Structures are given as structure tokens and as C-alpha cells.
Amino acid sequence: MNGFDWNAAGEALPLLLEGFRVTLLATVLGTLVAAVLGLAIAVAGRAPSRFVTVPVRAVMEFVRATPLLVQLVGAAAVFSSVEPLTIGIVVLGVHYATYTSEVYRAGIDGVPKGQWEAARALSLPARRTWQAVILPQAVRNVLPALGNYAISMFKETPFLAVITVQEMVFEARTYGADHFAYTEAFTLAGLVFLVASYPTSLLMRKLEKRLGH
């Protein structure tokens with residue numbers, strides 16, 4: 001490429017790969033938080049008491065109505081003594097949990113009513129019904145959607161740079177500023193994102209088709 005400094009790209013690559021390690025860590029742990037918390041929210045949303053469902057719904061609406069960037073900055077200001085990466089993982093997880101909860105809700109609603117009736121006919125306790133009958137079917141149906149949210153989270157990890165998490169885009173910006181090589185650094189960062197996310201996206205499509213049959 002005309003004007004592209006390959007030497008600068010070679011120097012930037014190790015730093016970007018170190019940043020990618022942080023990006024991947026934030027994505028994996030954030031996805032785990034979103035998956036577990038989202039499931040808890042979905043189950044809590046079906047509670048018979050409004051003292052449970054109303055606060056849960058209010059928190060969900062608040063999180064969805066505010067930008068992720070604002071949530072990161074606000075959390076970093078309130079919990080200034082906490083490691084920025086930890087804050088980033090928790091905020092990403094909570095933010096996406098409000099969306100995965102809807103995915104779980106759809107999966108739970110998609111379980112045939114006959115399954116619920118059969119569990120009641122067998123006098124299964126509520127906990128056993130959820131663990132052995134409902135959730136295994138619901139989770140299987142929503143795996144592709146959960147995977148797509150994980151990919152979305154991966155692509156939003158650059159927001160963590162605003163709270164000084166040294167993820168890949170943070171490293172690209174730092175190298176570009178130090179060596180006046182923004183083009184090389186950000187081009188490489190974009191390619192790494194593409195190489196990591198595109199195959200995963202294809203895998204999620206294949207999984208969705210497989211589960212749909």
C-alpha cells in the first residue's frame with residue numbers, strides 16, 4: 001500500500017497482540033457475566049411478586065436507556081479504587097445482561113406448554129422443573145443469539161479505553177501517537193478484529209441453522 005509503513009506495522013503488532021489479550025479477556029469474562037446475570041434476570045422477571053419484577057424491570061430500562069460509554073465513566077468515577085479492567089468487565093456484563101435476559105425470556109417462552117404441564121403432573125419441585133426441564137431446552141434454543149451478543153461485546157471493547165483499560169485500540173492509539181503511525185496501528189487493529197470476529201460469526205450462523213433443523 002502506498003504510504004503504508006510496514007516497519008511501523010511490524011513494530012506495532014506485538015503491542016496490539018498484548019492489547020488483544022486484554023480485549024479477549026474482557027470479552028470472555030464479560031460474556032460470562034452477561035450469560036449468568038441475564039438468565040437470573042429472565043427468571044426473576046417471571047416471579048409472581050411485583051416487588052421483584054418491578055425493580056428488575058426498572059433497572060433493565062435504566063441500563064438500556066443509557067449509553068455504555070456513560071456507564072463506564074460513571075462506574076469508574078464511583079468505584080475509583082477498583083481496577084479499571086474489572087470495572088470494564090462488570091459494566092460490559094451488566095449492560096449486555098439486559099439484552100441476553102430478553103433472549104432467555106424468548107427461549108423460556110418457546111418451551112412447549114406441555115413440558116410445564118408434564119412437570120406439574122409429576123409433582124416436580126419448581127427448582128427441579130427449571131433445572132431439568134425448562135432451562136436445558138431454553139438455553140439450547142438461544143445459544144446462537146448469545147453468541148452474537150458475545151461478538152457485539154467484542155467489538156465494543158474499545159470503549160474500555162476511556163477508563164484507561166489497555167485493550168487493543170488503546171495500544172493502537174498509543175503507538176500511533178508515539179510514532180506518528182496511526183494508519184498502520186489502526187489498520188492492524190481493524191484486521192485483528194476482523195480475523196477474530198468473522199469466523200466466529202460464521203460459526204454462529206452454522207450453529208443457528210443446525211439448531212433450527
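Note that the structure is predicted; figures quoted are calculated from it, not measured.

Criteria and thresholds
Residues numbered from 1 in each chain as written. Predicted model: local features only at pLDDT ≥ 70, side-chain atom pairs only at ≥ 80, totals over all residues. Heavy atoms only, no water. Helix = DSSP H or I, 4+ residues; strand = E, 2+ residues; numbered from the N terminus. Buried < 20%, exposed > 50% of the residue type's maximum accessible area, 1.4 Å probe, protein only. Contact = heavy atoms within 4.5 Å. Lys, Arg positive; Asp, Glu negative; His and termini not counted. Charge placed at Lys NZ, Arg CZ, Asp CG, Glu CD. Axes fitted to C-alpha atoms, helices over the stretch in contact; angles between N-to-C directions. Parallel < 35°, antiparallel > 145°, perpendicular 65-115°, else oblique. Left-handed = near helix turned anticlockwise from the far one by under 90°. Nonpolar A, V, L, I, M, F, W, Y, C, P; charged D, E, K, R; others polar. Phe/Tyr/Trp six-rings, centres within 6.5 Å; stacked < 30°, edge-to-face > 60°. Salt bridge = Lys/Arg side-chain N within 4 Å of Asp/Glu carboxyl O. Patch = residues over 30% accessible without salt bridge, like charges linked within 9 Å, V, L, I, M, F, W, Y side chains within 5 Å. Areas by Shrake-Rupley, 256 points an atom, 1.4 Å probe, with all protein chains shown as cover. Polar contact = N/O pair within 3.5 Å; in protein donor to acceptor, adjacent residues only side chain to side chain.

I'd like a description of the overall build of the protein chain, backed by residues and values.
Summing up its helical and strand segments, the protein chain has eight helices and zero strands in all. Starting at the N terminus, the α and β elements of the protein chain follow one another as α-α-α-α-α-α-α-α. Taking the principal axes of the C-alpha coordinates as reference, the protein chain spans close to 70 × 45 × 25 Å. Burial analysis of the protein chain (213 residues in total) assigns 38% to the buried set. Within the protein chain, contacts between residues separated by at least 24 positions form 78% of all contacts whose residues are at least 6 apart in sequence. Across the protein chain, the 17 positively charged side chains and the 14 negatively charged ones have centroids separated by 19 Å.

Can you break down the packing of helix 3 (residues 68–78) against helix 4 (residues 84–109) residue by residue, with the values?
Close contact between helix 3 and helix 4 brings their axes to 10 Å; oriented N to C, the two are set at 140°. By the criterion of interaxial angle, the relationship of helix 3 to helix 4 is oblique. For the element pair helix 3 and helix 4, the recorded crossing hand is right-handed. Seen from helix 3, the contacting residues are L68, Q71, L72, A75 and A76; seen from helix 4, they are I87, G88, V91, L92 and H95. Taken together, the residues that form the contact of helix 3 with helix 4 break down as seven nonpolar, three polar and no charged.

Provide a residue-level description of the packing of aromatic side chains, including the pertinent values.
Tallied over the full model, the rule gives eight aromatic pairs. Seen in terms of ring centroids, W116 and W130 are 5.4 Å apart; in terms of plane orientation they differ by 85°. Their pairing is edge-to-face. Note that W116 is positioned in helix 5 (residues 113–121) and W130 in helix 6 (residues 126–156), a separation of 14 residues in sequence.

Go over the pattern of salt bridges with me, naming the residues and quoting the values.
In the structure shown here, the tally under the stated rule is seven salt bridges. R105 is the salt-bridge partner of E102, the closest N and O atoms lying 3.0 Å from each other. Residue E102 and its partner R105 are both found in helix 4; the two are separated by three residues, about one turn of the helix. Taking the relative accessible area as the measure of exposure, E102 reaches 21% and is therefore partly exposed. Several salt bridges converge on common partners, so that one network encompasses R46, R57, E61, R64, E102, R105 and D109.

An account of a nonpolar patch on the surface is requested, with residue identities and associated values reported.
On the surface, L24, L25, V28, L29 and L32 cluster together into a nonpolar patch covering about 390 Å² of accessible area. Examined against the element boundaries, L24 turns out to sit in helix 1 (residues 6–44).

Tell me what's going on with the environment of E156, and back it up with residues and numbers.
Here E156 shows up in helix 6. Distance in space between the C-alpha atoms of E156 and P48 is 36 Å, their sequence separation being 108 residues. If we ignore the near neighbours within four places in the chain, the residues touching E156 are L68 and Y96. Among the polar contacts listed, one links the side chain of E156 to the side chain of Y96, at a separation of 2.9 Å.

Which residues make up the environment of L37, and what values do they have?
Its place among the elements puts L37 in helix 1. Residue L37 is classed as partly exposed on the basis of its relative accessible area of 32%. Placed 63 residues apart in sequence, L37 and T100 show a C-alpha to C-alpha distance of 8.6 Å. Those residues in contact with L37 that sit more than four places away from it in its chain are V94 and A97.

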